[in-house]
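Single-letter residue listing:
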Amino acid sequence: MQQIGVDSLGNKSENQLENQGMIASVISGISSVTVNKMWRSLIVVALVISILQSNQAAAADRFPQINAGVEACNEPQFQTVLHTAKIPAEARAVWLDARLIQWPSKTGTGQFKLYYSATAQVVAQMGERVRDADGVLNLSVFGTAAPAPVATRFSYLAEGVMLQLAEPDVIRVPELLRRQLVLVQESADGVVLASTHLQVAGVIDDVFDAATMASDLGVTVAARATKFRLWAPTAQQVYVCSFDTGSGKAVAVEPMLRDPASGIWSLIKLHNLSGKYYQYLLDVVVNGAGVIRNRVTDPYSVSLTTDSKRSYIASLDDVRLKPDGWDAVTTPAPLKSQTDMVVYELHVRDFSINDPTVSAPHRGKYAAFTEVNSNGMRHLQALATSGLTDIHLLPIFDFATVPEKDCLTPVIHGTTSDTTQQAVIVANAAKDCFNWGYDPYHYNAPEGSYATDSANGATRITELRQMVMALHRAGLRVGMDVVYNHTAAAGQKEKSVLDRIVPGYYQRLNASGAVEQSTCCDNTATENKMMAKLMVDSVLLWAKHYKIDSFRFDLMAHQPRQLMEQLKAKLTSVVGHDVQLIGEGWNFGEVENGARFVQASQLSLNGSGIGTFSDRARDAVRGGGAAESGDNLVKKQGYINGLFYAPNELASQPSNRADVQQLMDVADMVRVGLAGSLRDYLLMTRRDVQLPLAQLDYSGQPAGYVSEPSEVVNYVENHDNQTLFDANAYKLPTTTSHEDRTRVQMLGAAINAFSQGVAYFHAGIDTLRSKSMDKNSFDSGDWFNRIDWSYQDNYFGTGLPPSADNAAEYAVLIPLLSNAAIKPCPGDIAMARDMFRDLLKIRASSSLFRLKTSADIRQRLHFYNTGSQQNPVVLVAHLDGRSYPDAGFKSLMYFINVAPASQSINIAAEAAKNYVLHPVHGQPGAADQRPAQLASYDAVTGLFTVPARSAVVFVER
């Protein structure tokens, strides 16, 4: 096939260039292969239509054409400045739709003009006249209110002048958006009073709305053709660089054809190019920089070569990318309800990097999950047998921070509270093989560092599928942690993909046009149509092509609720059954309190069926909040680790001493979690007033905040913050025995297991996992993130965690980490492991722990031992199982005693019934033998007795 480069085309008009390139490519391709007449006719018709559309788009001045031969695909730099801009990047005006522009904080005095330049040469100096523009449009002040959809979308903008284009100029907008645009306020004699670039997401969404209907962005491979489709509506010209391998030089550069209606550029090559690689080469105007030629990967890449340098050409339906049995493998049955979810959150590398029973090449990789006899897989299989339903994997899409070739695994050693360990980790953080992966690079491609061969684009696809198959065969559904709220980079940085293709569109911008970074990184703007489409398309890809069963959304409240609901509906349509969606609903940043849209946040998702993580019971169980530091980590004890009833050394001081009312308030907050955080569930509070949970206060918010139990995710530990063992190490009295530390850990797990809603557990909660007190181990290497599936060590006291996030606690940490009495023995770890499995069995034994609706909970869950006369160290609940599907029992009672001594509770209403211990407590292999030995029920009086620090379930048959 003849290869067409711009260097062979001279300085013809833009349309001529596009047409010539496409015609030559298609005709050459048609003549070189045999295609059926119908397909050939369709290609010709499509080509003619495209030519006509392209010719009609000649509304504005043409771009100077700059040669781009194949050598441009091989340049060492990832971008080239073609023309340097002469004014700064600030963009304070917002182009709302095809007609309207708002300039916040500006009055309507003077005259307003929109200058444009194909080469970004506009000069707009204060006190001077504008010069070096290609042309100008006169704008008038828009004297009425903006249309409702526009006003709603941009309601967050500060007041200012609203301007409008003349009607004849509106048709020119799609072409103008491909140029530098400078909005100027001038005096009557044409002197610049103020100038700014424009934020253009609104107008792009308006004029290129047709792109939202595209179903084939990225690469599509057929038997005899390969189609490339890239949405780049503001690009001046776009080419495809083709490579035979992931590392060799380019073999071709070919121009793409632009559809002016959608802004999508296309190229059809009449060969099946599966297994080869490509990049895009495109010229775009970047505010403050000029006209930039970017060489960039495809945001719709399905795979890449090493370190994501080149996109991989493949069809995910290709049989060569499917492991044996992929299409026939039996997957776990869909859940009857979202509340049936019992989740274990796991990091791919953590799972096996420290497991000597995994073959060395597979450690830290997807492939480790295929070794069914490894210690790690045996552990997961045992959890599945006990009642675990889902493994949720921290990000497995392509992320930016781990070198995919020759990453380091540094050798580390040191004693309990040394800085030696962190010194090695910090020195190697950018080069080692570890990161949590919350820095998205390509949303649709598997991460390469988890593949045994990152250089081969096929390997990461097949090995990720093998991992999913292995987990499905173990009886576990697979969930995926997704991060659509930010990207690893924005602007013109090398690892910025989206922003280098459509500058200023995909990222959320502040008032001056800079990228918002409230999520820690460069925020995306899923309120913009094509970023929303990318998110939806991506999730659908993972569900359809990788059989992902559920999704956990990082910082989900930075997404619009409407988008999440649309996604949920589309998933159900595509997959054929409900796909569970849960996420972080934290309300903060530039979108806080619905500033830009109705968020997918804790308080805004009522009735959606989408679950959010609840911090209510989490904080009550652990003590304090997620942001505590210094002495507060010790003083602020929680329900399970001693508040009032077992004060630690700092909490026992007069100024820090808790009272029994404080303990009762915390107990009520734990009950909120046990009742599924329902807004309308009525609870007799410690003040002897019955209130709906929405009227209980949690830091100025309603404690009960969901409409249905499917909308709450209960947890006491996850990858963020300290593990539960480490939190308890702060808060328990230092004299607490090993055995009691284990029991306290399992009290936290029991509260979670018995709570209505989704049960979510962090991997290692059942092995007393410690990160040596690290509260933010995202880049702390394997050392601080290890798990021991041989159950010999929990890694407490293996060095001072990195100072960047932990230095404020060093004065407290050093004596704790050096205290050998805190570190558990293998017997303690084994006991926790087995107690946790028993808890899962108890939850799985009855649907009463997993009630489906708020009506079920209101009708069937009742708390005893409440109000001002309660025994605050014991939680007591009754669940009515009569006529309830899969209840298993007529009723059940559970008791959670957090005290260091046994407790007896008299419940007269439950006298004269046939209560016995739950069968799991009585089985010969029960991990905790004390309930069978010490727990009792007196049917005459209704007196229940439960051992110290225990969670006990009685059932009525």
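Please refer to the structure placed before this passage.
Our subject in this report is the structure included herewith. (Residues numbered from 1 in each chain as written. Predicted model: local features only at pLDDT ≥ 70, side-chain atom pairs only at ≥ 80, totals over all residues. Heavy atoms only, no water.)

Here we look at the overall build of the protein
Secondary structure assignment for the protein yields 24 helices and 41 strands. On C-alpha atoms alone, the protein measures out to a radius of gyration of 31 Å, which is about the 30 Å that the 2.2 N^0.38 rule sets for 957 residues. Along the first, second and third principal axes, the C-alpha atoms of the protein reach 95 × 65 × 60 Å. When burial is assessed residue by residue, the protein has 63% of its 957 residues classed as buried. Long-range contacts, defined as pairs at least 24 residues apart, comprise 75% of the intrachain contacts of the protein with a sequence gap of at least 6. On the protein, roughly 32600 Å² of surface is accessible, and the fraction owed to carbon and sulfur atoms is 53%. Separation between the mean location of the 84 positive side-chain charges and that of the 96 negative ones in the protein comes to 3 Å. (Helix = DSSP H or I, 4+ residues; strand = E, 2+ residues; numbered from the N terminus. Rg over C-alpha atoms; globule rule 2.2 N^0.38 Å. Buried < 20%, exposed > 50% of the residue type's maximum accessible area, 1.4 Å probe, protein only. Contact = heavy atoms within 4.5 Å. Areas by Shrake-Rupley, 256 points an atom, 1.4 Å probe, with all protein chains shown as cover. Lys, Arg positive; Asp, Glu negative; His and termini not counted. Charge placed at Lys NZ, Arg CZ, Asp CG, Glu CD.)

Quick word on helix α20 (residues 810-817)
Taken as a whole, α20 has its buried residues at Y810, V812, L813, L816 and L817. Angularly, the buried residues of α20 cover 155° about the axis, an arc narrow enough to put them on a single face. Its buried side turned inward, α20 meets α9 (420-428), α15 (632-635), α17 (724-731) and α19 (803-806). (Arc of directions from axis to C-beta.)

Remarks on the side chain of Q722
Within the secondary structure, Q722 is located in the loop between β32 (712-714) and α17. With sequence-adjacent residues up to four places away left out, Q722 is seen in contact with R622, L633, A727, Y730, M773, D774 and K775.

Some details on the packing of α17 against helix α18 (residues 738-754)
Packing of α17 against α18 brings their axes to within 10 Å, and their N-to-C directions diverge by 125°. The angle between the axes of α17 and α18 places the two elements in the oblique class. Of the two possible hands of crossing, α17 and α18 adopt the one that is right-handed. Listed contacts from α18 to L724, F725, N728 and A729 of α17 are R741, V744, Q745 and G748. Residues that form the contact of α17 with α18 fall into these classes: four nonpolar, three polar and one charged. (Axes fitted to C-alpha atoms, helices over the stretch in contact; angles between N-to-C directions. Parallel < 35°, antiparallel > 145°, perpendicular 65-115°, else oblique. Left-handed = near helix turned anticlockwise from the far one by under 90°. Nonpolar A, V, L, I, M, F, W, Y, C, P; charged D, E, K, R; others polar.)

A look at α9
Every buried residue of α9 is listed here: Q421, Q422, I425 and N428. For α9, the angular spread of the buried residues around the axis is 140°, confining them to a single face. Structural note: α9 exposes V426 and A427 on the side pointing more than 90 degrees away from its buried face. At its buried positions, α9 is contacted by α19 and α20.

Considerations on the pattern of salt bridges
In this structure the tally under the stated criterion is 50 salt bridges. In this structure, E404 and R460 form a salt bridge, with 3.0 Å as the shortest nitrogen-oxygen distance. With E404 in the loop between β20 (397-399) and α9 and R460 in helix α10 (residues 457-473), the pair connects residues that are 56 residues apart, well separated along the chain. According to the relative accessible area criterion, E404 is buried, its value standing at 9%. One network of salt bridges, with partners in common, ties together D481, R552, D554 and E584. (Salt bridge = Lys/Arg side-chain N within 4 Å of Asp/Glu carboxyl O.)

A closer look at the nonpolar core
Of all hydrophobic cores here, the largest spans 249 residues; its most connected members are F551, F754 and Y894. The element contributing the most residues to this core is helix α12 (residues 529-545), with 11 residues. In terms of nonpolar packing, the next biggest core, distinct from the first, is built from 11 residues, M341, I582, F613 and Y715 among them. (Core = buried A, V, L, I, M, F, W, Y, C linked by side-chain atoms within 4.5 Å.)

Overview of the sheet that holds strand β14 (residues 264-269)
In spatial order, the strands read β9-β10-β14-β13; together these four strands make up an open sheet with antiparallel pairing. Edge strands, defined here as strands with exactly one partner in the open sheet, are β9 (218-221) and β13 (257-259). The average undirected angle you get between the axes of adjacent strands in this sheet is 25°. Here β13 pairs with β14 via three bridges, running antiparallel. Each residue of the ladder has a partner; that of L257, found in β14, is S266. (Pairing = 2+ DSSP bridges.)

Quick word on the state of the cysteines
Counting across every chain of the model gives two disulfides. The side chain of C73 participates in a disulfide bridge whose partner is C241; the two sulfur atoms lie 2.0 Å from each other. Taking the sign of the S-S torsion, -75° for the link of C73 and C241, the bridge is left-handed. One end of the pair, C73, is in the loop between α2 (37-56) and β1 (79-84); the other, C241, is in strand β11 (residues 237-243), and 168 residues separate them in sequence. For the pair C73 and C241, one class covers both residues: buried. Each sulfur of the disulfide joining C407 and C433 lies 2.0 Å from the other. (Disulfide = S-S within 2.5 Å.)

Examining the sheet that holds strand β34 (residues 861-864)
Pairing is antiparallel across the open sheet formed by five strands, whose spatial order is β34-β35-β36-β41-β38. Edge positions in the sheet fall to β34 and β38 (915-917), since each has one partner strand and no second. Strand after strand, the sheet turns through a mean of 25° between neighbouring axes, direction not considered. When strand β36 (residues 891-897) meets strand β41 (residues 950-956), the two strands line up antiparallel, connected through seven bridges. Bridged to S891 within β41 is E956.

Side note on the packing of aromatic side chains
All chains considered together, the criterion is met by 32 aromatic pairs. Taking the centre distance of 5.7 Å and the plane angle of 70° together, the rings of F725 and F796 count as edge-to-face. Separated by 71 residues along the polypeptide, F725 in helix α17 and F796 in the loop between β33 (758-762) and α19 bring together distant segments of the chain. The pair F725 / F796 is uniform in exposure class, with both members buried. Plain terms: the ring middles of F895 and F944 are 4.8 Å apart, the flat faces sit at 35° to each other, and that makes the pair tilted. Linking F895 in strand β36 with F944 in strand β40 (residues 943-946), this pair joins segments that are 49 residues apart in sequence. Both residues of the pair, F895 and F944, count as buried. Taken together, the aromatic side chains of F895, Y915, Y937, F944 and F954 make up a single cluster linked through ring pairs. Over the ring of W103 we find K106, and its NZ or CZ is 5.6 Å from the ring centre. (Phe/Tyr/Trp six-rings, centres within 6.5 Å; stacked < 30°, edge-to-face > 60°. Lys NZ or Arg CZ within 6 Å of the ring centre and 35° of its normal.)

Observations regarding the pairing of β11
For β11, the buried fraction is high: seven of the seven residues fall into the buried class. Alternating residues of β11 divide into Q237, Y239, C241 and F243 and V238, V240 and S242, and every residue in both groups is buried. Bridge analysis of β11 against strand β15 (residues 277-286) gives seven bridges, and the strand direction is antiparallel. Considered in β15, the bridge of S242 is made with Y278. Examined bridge by bridge, β11 and strand β12 (residues 250-255) share five bridges and lie antiparallel to one another.

Considerations on the environment of T420
Mapped onto the elements of the fold, T420 is located in helix α9. Judged by its relative accessible area of 35%, T420 is partly exposed. Taking C-alpha positions, T420 is 10.0 Å from P801, a pair spaced 381 residues apart along the chain.

Let's talk about the environment of P924
With respect to the helices and strands, the residue P924 is situated in the loop between α23 (919-922) and α24 (930-934). Here the alpha-carbon distance between P924 and L181, two residues 743 residues apart in the chain, equals 77 Å.

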